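As a plain string of letters, each chain reads:
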Amino acid sequence: MPFVQDLLRLGRPILAMAAVIVLSNVLVQFVINDWLTWGAFTYPLIFLVTDLTNRAVGPAAARQVVGVGFVVAVAVSLWLAPWRIALASGTAFLVAQALDIAVFNRLRQASWWKAPLIGSLLASVIDTAIFFYIAFAGSEFDWLMLGAGDLAVKWAMALVLLAPYRAMLPHLQTWVPMAR
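Below: a short report on this structure.

**Here's the deal with the nonpolar core**
- Ranked by internal contacts, the top residues of the largest apolar core, which has 20 residues, are Leu 10, Met 17, Ile 21, Ile 46, Val 65 and Phe 93.
- Of all elements in the fold, only helix H2 (11-27), helix H4 (45-57), helix H5 (59-80) and helix H6 (83-107) reach the threshold of two or more residues within this core.
- Filtering out sequence-adjacent residues up to four positions away, Val 65 remains in contact with Leu 10, Pro 13, Ile 14, Met 17, Val 49, Thr 53 and Phe 70.
- With 12 residues, the next largest nonpolar core counts Ala 40, Phe 104, Met 157 and Leu 172 among its residues.

Written as structure tokens, this is what we have:
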């Protein structure tokens, strides 16, 4: 039962992942102005969870957290948010997280800040384009304007979240390494 043991070890990142996605799916429905929703401020935390998991226990564990977090978050999101937002979120999430994990892994040996920053910046572009197109194309919302504002906040948050990422680095050795 190594898969179940791995999931138990990754419980906190999985719960964090699911909580951030669900919160963001609810908050994206509340528009602040013509170019921004409240979800833009919470969603970038997902990259922090993925990057810390990747740094602590590797890309395979990060993919497990993404996979389980995705299933839990979509199930709850379908209950809390319209189906179109849940579909948009799930699709964008899977593609963007795969990109973030790959970029992070490629840059893992570079300076401490390069892997999380560059991975988050690139994945944010893909995530934003996929999400806003599926969620809002053809609706009364100007999805291009909302997407541009959302992307600007995601990029700013990628910079801001470097501080908690750096602060967590010395504590990652307390994570139980995956046995494989």
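**Let's talk about the packing of H2 against H4**
- Contact geometry for H2 and H4: axes closest at 9 Å, N-to-C directions at 165°. With respect to H4, the element H2 is oriented roughly antiparallel. Crossing hand, H2 versus H4: left-handed. Of H4, the residues touching H2 (which contributes Pro 13, Ala 16, Met 17, Val 20 and Ile 21) are Leu 45, Ile 46, Val 49, Thr 50 and Thr 53.
- Grouping the constituent residues of the contact of H2 with H4 by class yields eight nonpolar, two polar and no charged.

**A few points about the environment of Trp 113**
- Looking at the element boundaries, Trp 113 is found in the loop between H6 and helix H7 (114-136).
- Take Trp 113: its relative accessible area is 34%, and that puts it in the partly exposed class.
- C-alpha of Trp 113 to C-alpha of Leu 159: the two residues are 46 residues apart in sequence and 9.4 Å apart in space.

How each quantity is defined
- Residues numbered from 1 in each chain as written.
- Predicted model: local features only at pLDDT ≥ 70, side-chain atom pairs only at ≥ 80, totals over all residues.
- Heavy atoms only, no water.
- Core = buried A, V, L, I, M, F, W, Y, C linked by side-chain atoms within 4.5 Å.
- Buried < 20%, exposed > 50% of the residue type's maximum accessible area, 1.4 Å probe, protein only.
- Helix = DSSP H or I, 4+ residues; strand = E, 2+ residues; numbered from the N terminus.
- Contact = heavy atoms within 4.5 Å.
- Axes fitted to C-alpha atoms, helices over the stretch in contact; angles between N-to-C directions.
- Parallel < 35°, antiparallel > 145°, perpendicular 65-115°, else oblique.
- Left-handed = near helix turned anticlockwise from the far one by under 90°.
- Nonpolar A, V, L, I, M, F, W, Y, C, P; charged D, E, K, R; others polar.

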